[in-house]
Structures are given as C-alpha cells and as structure tokens.
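Take a look at the letters that make up each chain.
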Amino acid sequence: MHAFALPAISHSTHLPEFSDARAARDWVQGMDSNQPLATQARLLGQLNLLNRCSISAGERLRIAEELRDTVLEVQAATANRFVGRPLPLSAGERAAFDANQGMWDTLVTAYLHCLSAALDGDGAVVGQTGLIAHRALSALALMQLDALRTAHLPPPGYWRRVHACYDAAARLGAAERKIRDDAIHDERPTSVRAAYVLCVLLHTSSPFGLTHRQLRVLHRWLGKWAGKVALFDTPVPHSALPPLMLDLSTDEPVARTPQPDSRLRWLVLDEFSHSVRKRMALLAQGETPLALRLGDELSPAQADRLLRHLHAHCCRGGLTRAEARRPLQQNASVVIGMGAVQQFLGSGECAIGDSGNRPETVATGYLVEDWRILDDSPTGLRLGRRASGDGARIGNGMLLAVRPDNSPHFMLAHVCWIMAVEGELQMGISMLAGAPRLVDLARTPDGSGEHEARGVLMPEVPRIGQPECVALPSGWYRKSRDILLTADDSKRRVRLVESIERGADFDLARIEPSA
C-alpha cells in the first residue's frame, strides 16, 4: 500500500471513450478548442473514468501523456474565471475553482496509478519512473499555484502526496534522472528533485502577499532555479544558509520539530541563494529583466522587489519581525475599501463615545463588519471571520478603517495578505498611527474644476517615524504634484513628495507644504 490515496480500481466501472493512447489522441483532436469550459468538463469526466477502470499501467501512462497537453491548455484558459478575485469567491468563481482543482487532482491520480505500479515492480513502467514522478509533481505544483493565486491553501492530503511522490522516485533511483518538459519548462532538462523542490519553495515564498501575476512569474523562475537546491537525507553540518527541514511522513510542507517517526530530509539553498543574489546585483547595475531571462512582465524595480521577497522568505527563513506578534482574544470593527472608508469617515459614525458601543451597520455605501483579532504587533493585526458571512469581498492591497475594541477611534490600514482557510477568511493588515481625517482633494489652484476627489489625511507621528501623508484614490499620485487639501473650511496646498504604499484601490503619499 502506497501513500497516494488512489481511488479503487473496479472491473465494473464504465470505460472511458478511449481504451488506448491512439484512441485518446483521436478523441482529443475531435474536441472544440474554442470551448474550454466544455472541454474541461469532458476531460474531467473521462479522466475520472480512466482512474477507476482496469487498464495496464503502460497504456494508462501513454493515455495520460496524450491528454496532458490539452489539460494544461484548458486549465490555463479557464483560470481567469477565479484567480486574483476578492474573497470570498462568488458561487460561479467557486465552481470554476473547484473544477480547476478537481482537474489537477485527476491528472495527478492518473500518473500516481502508474507510479504505484512501478513501485510494485511493473516492468512496463518501472523504467519510466522519473518521467511519471516528474509529471505528477509538475501537476501538483500547478495545482498549488492556482490555489495560491486564488488565496487558498492546497487541499488536505496535498503535501502527503507531494512527499510520497518524491520518495517513490528516490527509492527507485529516479530522483536525479534528467527529464525534458517542453510543455512547462522549455529551457533545459529538469528532474524529479527539482519538481519536488519547486512545490516546497512555492509554499515557503510567503505567497499570500503576492499578486496572482507575481505568483505566475515566481513559478516560472522556480522552474528554472529549483535544480540548484540540493537535497540530503542526513543533516548538513556545513552550509552558508540554514538548511530547510522536511518530513516525508507528514501532510505538512516543512518540518518544525522532528518526531520519533519522522522521515527527515534537508534542502540546502546556498547555490540557489547565490543565483538569486547575482540577478539582484546585475539588475542594480542596469541589466534588464529580459537580458537576465527573468521575462518581460516586470519592470527592473518590480523584478528586484520580487527577487528580494523570494530570497528573504526562501533563503533566510522569512523576514525577521521587528516586533513579535501576540495572540489575542478580541474583536475589531472593520470597514473595507477606499470608497466605503470615505463614506464611513464622512458619516460621523467613526467617533466612538465613552460607552464604547460598536457602530451600527447602515446602508449608506459602507458596512461595519465584526472581525476577530487573532494576534497583533505594534503596527499590524491578523484578523479572521467566517467566509460564509455577509461581509464585503476583500483582496490584497485594499484600504481599511479598523478599530480594535480597546481603541477609542478608527485607524487607517491596508491588507498585506489574505487567505481562505478551513471556512474562514484571514488577513494580515498594516496600520497607520493617529486618527484619519476625510479631506477634499483638488488639482486646480482654487480647488474648483472637475479634477476633484476625496482622500484620507493621516498625521505625522515623530516617535515612530511616520510622516504626514494622504491616502489618494488610485491614479491620483504623481511625484512632485501639487494638490489642494480642504477640511473643515481650511485649505492647504501640499506637494506629493513620494509614494509610501501603492494599494489595490489607493495610493499613500508623503506630503509637504507646497512652495
């Protein structure tokens, strides 16, 4: 028995519409490439039948290979129905996401049936162990990627399958065998070890604070560089960076503390770190991302930020926090989104009296939600609420107004990361000190004209180094632009000096008096 959690084979199961690889090829060619949703549904049904029917391992592998390219194309074509969407997902987005994850699962299962046969000594596939394990791990990596791009964790049992797949290839001596995979990584041969490392590093890269486009780029980079990570089955006494410890016996991506029955492995990231740092140095010298084979989706500054994020979280064990987080059992009132925050601050409801009563939800363009504070630090909170609640949908980079129960007023904050986990939404937020003030904005000298909007002014707080700043609607920030702020019949002309934070629905800019 192998740790693949495979469906049982049944001789009475309905057979798929193809019984061999040639028939599968003809079946795929007969589908309409302009109907990806219909194609996905048909593929999912046929793969499920394939995974439950009795067929030789060699033929099963050949059929999976014939279907694989079409699965990859369909998954890419349908992913825009759910990736990067605010949480919680709508019913239609949820159905599309579930179909996506189900498709990856059935493709993985097809290959794991073959890998199970190889472990049992089936001569028809044992020589293809490297290819089979690599195909399964590549599909598992894409399954994780699409889950992360939708701010979800992979399903339970995912990491047990990932570890078992690598372990099977290692036991059969195929973990280092060179495999070409032109459908995903078209530059150089890869290996089972590299595909396994890719899965692990996707998780350790702190993915929930990245956009779905950044994650797609990161997956491609890791496909190129994961082979530079060495994997050992004994502790490594001499390495420049602390090795990353894994436990093949668990359903967890990394091992925190060894257990008596642990089957530990260690990833050494020294060469991987050198490769990332070298590209950061070359970007600083003026090289372009395209010249460094980083792609053309990112500007040099964006590529540098993503490389630094990757290095900090994968090669240095994550960013060291300036302040430790403390667990809390407390609630907070939250208003979500730039437009809702403006409406709320303009309503007068944000001032909480001595009684400490929570503001009532009103139908005036905003909703005051109840969230639980899971832990806190001096500059941020981790919040949670039920995903099935009636609250607003929320995504990375959105502006918030937040008032913990022990605070006398609302504070301005933005979402650093968000994720859906076990029926709950959780988000990490970064807060600004001081009470926010709603201000009118104008680009014209006298404050009139059509270039008007509203923003949120935040005070200077010298003790923590917070400058005076203003949260602007997206698209308003231009370096050195002069704008007019109006609040309570007083007017100030200020200059936008620098961008502090660029969010999904706002730009936070440091301001100074205009000359």
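Residues numbered from 1 in each chain as written. Predicted model: local features only at pLDDT ≥ 70, side-chain atom pairs only at ≥ 80, totals over all residues. Heavy atoms only, no water.

Side note on the overall build of the protein
Going by this rule: Each helix is a run of DSSP H or I of at least 4 residues and each strand a run of E of at least 2, with the numbering of both proceeding from the N terminus. Based on C-alpha atoms, the radius of gyration is set beside the globule rule, defined as 2.2 Å times the residue count to the power 0.38. Exposure categories follow from relative accessible area, calculated using a 1.4 Å probe and restricted to protein chains: below 20% of the type maximum is buried, above 50% is exposed, and the middle band is partly exposed. Note on definitions: a residue-residue contact is assigned when non-hydrogen atoms from the two residues lie within 4.5 Å.
For the protein, the helix and strand inventory stands at 11 helices and 17 strands. Taken against the 2.2 N^0.38 rule, which gives 24 Å for 515 residues, the C-alpha radius of gyration of the protein at 26 Å falls within 12% of a compact globule. Each of the three principal axes of the protein carries a C-alpha extent, and together these read 85 × 50 × 45 Å. Looking at the protein as a whole, 51% of its 515 residues qualify as buried. When contacts within the protein are restricted to residue pairs at least 6 apart in sequence, long-range pairs at least 24 apart make up 68% of them.

So, the pattern of salt bridges
Keep this limit in mind: The term salt bridge refers to a pairing of a side-chain nitrogen on Lys or Arg with a carboxyl oxygen on Asp or Glu at a separation within 4 Å.
Under the criterion given, the structure shown has 26 salt bridges. One salt bridge in this structure joins Glu66 and Arg25, with 3.0 Å as the shortest N-O distance. Of the two residues, Glu66 is situated in helix 3 (residues 57-78) and Arg25 in helix 1 (residues 21-29); the sequence distance between them amounts to 41 residues. Note that Glu512 and Arg510 form a salt bridge whose closest N and O atoms lie 2.9 Å from each other. Salt bridges sharing partners connect three or more residues here, namely Glu65, Arg68, Arg135 and Asp181.

Considerations on the pairing of strand 8 (residues 380-386)
Defined as follows: Strand pairing is assigned whenever DSSP detects at least two bridges linking the two strands.
Within strand 8, 5 of the 7 residues are buried, which leaves the element mostly enclosed by the surrounding structure. Across 5 bridges, the pairing between strand 7 (residues 369-377) and strand 8 is antiparallel. Bridge pairing in strand 8 places Ser377 opposite Gly380. As consecutive antiparallel partners, strand 7 and strand 8 are separated by 2 residues. As paired elements, strand 8 and strand 11 (residues 424-431) share 7 bridges and run antiparallel to each other. Counterpart to Arg386 in the pairing with strand 11 is Glu424.

Quick look at helix 5 (residues 129-148)
Applicable threshold: Given the number of residues in a helix, its expected span is that number minus one, multiplied by 1.5 Å.
Its 20 residues give helix 5 an end-to-end C-alpha distance of 28 Å, which sits within 8% of 28 Å, the value for a rise of 1.5 Å per residue. Most of helix 5 sits out of view: 20 of its 20 residues are buried.

Quick notes on the packing of helix 1 against helix 3
Here is the rule: Throughout, an axis means a line fitted to C-alpha atoms (over the contacting stretch in the case of helices), and angles, computed between N-to-C directions, take values from 0 to 180 degrees. Convention used here: angles under 35 degrees read as roughly parallel, angles over 145 as roughly antiparallel, angles from 65 to 115 as roughly perpendicular, and any remaining angle as oblique. Crossing chirality is assigned from the near helix's rotation relative to the far helix, an anticlockwise turn below a right angle marking it left-handed and a clockwise turn marking it right-handed. Three classes are used: nonpolar for Ala, Val, Leu, Ile, Met, Phe, Trp, Tyr, Cys and Pro, charged for Asp, Glu, Lys and Arg, and polar for all others, with Gly counted as polar.
Interhelical geometry of helix 1 versus helix 3 gives an angle of 15° and a closest axis separation of 8 Å. Of the possible angle classes, the one that applies to helix 1 and helix 3 is roughly parallel. The handedness of the crossing between helix 1 and helix 3 comes out as right-handed. Here Ala21, Ala24, Arg25, Trp27 and Val28 of helix 1 lie close against helix 3, whose contacting residues are Glu59, Arg62, Ile63, Glu66, Leu67 and Thr70. In the contact of helix 1 with helix 3, the residues fall into 6 nonpolar, 1 polar and 4 charged.

Describing the packing of aromatic side chains
The cut-off we apply is this: Pairing of aromatic rings covers Phe, Tyr and the six-membered ring of Trp, with a centre-to-centre limit of 6.5 Å; geometry is then stacked below 30 degrees between planes, edge-to-face above 60, and tilted otherwise. Whether a charge lies above a ring is judged from NZ of Lys or CZ of Arg, which has to be within 6 Å of the ring centre and within 35 degrees of the ring normal.
Tallied over the entire structure, the rule returns 8 aromatic pairs. Arranged with centres 4.7 Å apart and planes meeting at 65°, the rings of Phe344 and Phe410 form a pair that is edge-to-face. Linking Phe344 in helix 11 (residues 338-347) with Phe410 in the loop between strand 9 (399-404) and strand 10 (411-421), this pair joins segments that are 66 residues apart in sequence. Each member of the pair, Phe344 together with Phe410, is buried. Joined through ring pairs, the aromatic side chains of Trp221, Trp225 and Phe272 make up one cluster. The aromatic ring of Trp476 is capped on one face by Arg443, whose charged end is 4.3 Å from the ring centroid.

Considering the confidence of the model for the protein
Our working rule: Note: pLDDT gives the predictor's confidence per residue, expressed from 0 to 100.
Per-residue confidence for the protein averages 90 on the pLDDT scale, and 92% of its residues sit at or above 70. The model gives residues 352-360 a pLDDT under 50, and that stretch makes 18 contacts with residues more than four places away or in other chains.

Looking at the packing of helix 7 (residues 192-204) against helix 8 (residues 212-225)
At a minimum axis separation of 9 Å, helix 7 and helix 8 run at an interaxial angle of 140°. As far as their axial angle goes, helix 8 and helix 7 are oblique. In terms of crossing hand, the pair formed by helix 7 and helix 8 is right-handed. Taking contact as the criterion, the partners of Leu198, Leu201 and Leu202 in helix 7 are, on helix 8, His219, Leu222 and Gly223. Residues of the contact of helix 7 with helix 8, tallied by class, amount to 4 nonpolar, 2 polar and no charged.

Here's the deal with the environment of Leu44
With respect to the helices and strands, Leu44 occurs in helix 2 (residues 36-50). For the pair formed by Leu44 and Val125, sequence separation is 81 residues and the distance between their alpha carbons is 24 Å.

Some remarks on the side chain of Gln40
With respect to the helices, strands and loops of the structure, Gln40 is situated in helix 2. Excluding anything up to four places from it in sequence, Gln40 contacts Val74, Gln75, Thr78, Ala99, Asn100 and Met103.

Side note on the nonpolar core
For clarity, the cut-off: Only buried residues count toward a nonpolar core. Its members are Ala, Val, Leu, Ile, Met, Phe, Trp, Tyr and Cys residues joined through side-chain atoms within 4.5 Å.
Formed by 123 residues in total, the largest nonpolar core has its most connected members in Phe272, Leu400 and Met427. Of the residues forming this core, the biggest block, 14 residues, is contributed by helix 4 (residues 91-119). If we ignore the near neighbours within four places in the chain, the residues touching Phe272 are Leu201, Leu222, Trp225, Lys228, Val229, Leu310, Cys314 and Cys315.

A look at the sheet that holds strand 4 (residues 244-247)
If you trace the 3 strands from one edge of the open sheet to the other, you get 3-5-4, paired in antiparallel fashion. Bordering the open sheet on either side are strand 3 (230-232) and strand 4, each of which pairs with just one other strand. Taking the axes of each pair of neighbouring strands and ignoring which way they run, one obtains an average angle of 25° across the sheet. By the bridge criterion, 3 bridges tie strand 3 to strand 5 (residues 264-268) in an arrangement that is antiparallel. Note on strand 5: the bridge partner recorded for Leu231 is Leu267. Contacts from helix 7 reach strand 3, strand 4 and strand 5 within the one sheet, and its direction differs from that of strand 4 by about 110°.

Section: the sheet that holds strand 14 (residues 469-473)
Sheet architecture is closed into a barrel: 6 strands sit in the order 12-13-14-17-16-15, paired in antiparallel fashion. Across this sheet, the average inter-strand angle for adjacent strands is 45°, counted without regard to direction. Pairing analysis gives 6 bridges linking strand 15 (residues 482-487) to strand 16 (residues 490-502), with the strands arranged antiparallel. Across the sheet, the residue bridging to Ile483 is Val494, located in strand 16. Across the sheet, helix 11 lies against strand 12 (437-442), strand 13 (452-458), strand 14 and strand 17 (506-513), angled at about 75° from strand 13, the strand it touches most.

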